[in-house]
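# Results of the structural survey
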Amino acid sequence: MKSSNKNTSAGNADLSSKLGRLFEDELKDIYWAEKALTKAIPKMIENASSDELIEALENHLTETEEQVKRVEKVFSLLNKEAEAKKCEAMAGLIKEAEELMEDSDEGVMRDAAIISAAQKVEHYEIASYGTLASFAATLGLTEIGELLQTTLDEEKNADETLTEVAETAINIEAAGEHEKK
């Protein structure tokens, strides 16, 4: 009879495997990304004009701060020191967001640009957390997988909220904006 092996920490998982090492490397990457977003989201909030967008961004900033703590808990469960490795993809997305805000007219056009940039960030995070949760499941890291799934669900909800804000107000108003001659 096979015994069910539900590991909850890395103590029982082989993190020395190539997949284990990739998991740890990707965790360092998303840790850097989340910490960088705690600095980038306030800039988006500062530049936003729509109350709905500001509220969505403020709520997600609070979630992001909790996600940083959750990633730190994952490191702790792995008996590892939380370590960030620069995420070039997120650095690029944040730089693009800054450029979009700078290049767009204040008001509804800037709000549309912020939503565009923020959704690119969310999609990157969804891909990252989906992959990490899958790796955790394969490695038998049940508790860690659950933590990562919680964050994945939050990222999906943030993306849906941004879509709703865009489609019910911002994009409609932005469509009425015309270039000045």
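Computed from a prediction, not measured in an experiment: that's the story for all the values here.

## Focus: the overall build of the protein chain
Scanning the protein chain from N- to C-terminus turns up five helices and zero strands. By its C-alpha atoms, the protein chain is 75 × 30 × 25 Å across when sized along the principal axes. By residue count, 46% of the 181 residues in the protein chain fall in the buried class. In the protein chain, once contacts between residues fewer than 6 apart in sequence are set aside, the share between residues at least 24 apart is 81%. Summed over its atoms, the accessible surface of the protein chain is roughly 10,000 Å², and 47% of this surface lies on carbon and sulfur atoms.

## With respect to the environment of Ile-41
Take Ile-41: it is sitting in helix H1 (residues 18-47). Judged by its relative accessible area of 6%, Ile-41 falls in the buried class. With 11 residues separating them along the chain, Ile-41 and Glu-52 place their C-alpha atoms 15 Å apart. Not counting the four nearest positions on each side in its chain, Ile-41 is found in contact with Leu-57, His-60, Leu-61 and Thr-64.

## Looking at H1
Along an α-helix, residues three or four positions apart point the same way, because every turn accommodates 3.6 residues. Taking 1.5 Å of rise per residue, the 30 residues of H1 would be expected to cover 44 Å, and the 43 Å separating its terminal C-alpha atoms lies within 8% of that figure. Within H1, the axis deviates most sharply at Thr-38, by approximately 35 degrees, and proline Pro-42 lies no more than four positions further along.

## Notes on the side chain of Lys-28
Counting through the fold element by element, Lys-28 comes out in helix H1. Accessibility expressed as a relative area gives 16% for Lys-28, which makes it buried. Ignoring any residue separated from it by four or fewer positions in sequence, one finds Lys-28 in contact with Phe-75, Glu-83, Ala-84 and Lys-85.

## Structural notes on the packing of aromatic side chains
Counted under the stated rule, the structure contains one aromatic pair. Each ring, one from Tyr-31 and one from Phe-75, has its centre 5.6 Å from the other, and the planes form 65 degrees; the classification is edge-to-face. With Tyr-31 in helix H1 and Phe-75 in helix H2 (residues 51-77), this residue pair connects regions lying 44 residues apart in the sequence. Judged by its relative accessible area of 5%, Tyr-31 falls in the buried class. Judged by relative accessible area, Phe-75 falls into the buried class, the value being 0%.

Definitions and cut-offs
- Each residue is numbered by its place in its chain's sequence as written, counting from 1.
- Per-residue local features of the predicted model are confined to residues with pLDDT of at least 70, and side-chain atom pairs are confined, for both listing and counting, to 80 or more; whole-chain, interface and lining totals are unaffected and use all residues.
- The basis for every side-chain value is the complete set of non-hydrogen atoms in the structure, without hydrogens or water.
- Helix numbering and strand numbering both begin at the N terminus, where a helix is a DSSP run of H or I of at least 4 residues and a strand a DSSP run of E of at least 2.
- Only protein chains enter the accessibility calculation, which uses a 1.4 Å probe; a residue whose area is less than 20% of its type maximum is buried, one above 50% is exposed, and one in between is partly exposed.
- A contact between two residues is defined here by any heavy atoms of the two lying within 4.5 Å.
- Throughout, the Shrake-Rupley method with a 1.4 Å probe supplies accessible areas, and for residues the shown protein chains are the sole cover considered.
- Each residue after the first adds 1.5 Å to the expected span of a helix.
- Think of it this way: the bend at a residue is just the angle between two axes, each fitted to seven residues, one set ending at that residue and the other starting at it.
- In this analysis, rings of Phe, Tyr and Trp, with Trp reduced to its six-membered ring, are considered paired at centre separations within 6.5 Å, and the interplanar angle assigns stacked below 30 degrees, edge-to-face beyond 60, and tilted for intermediate values.

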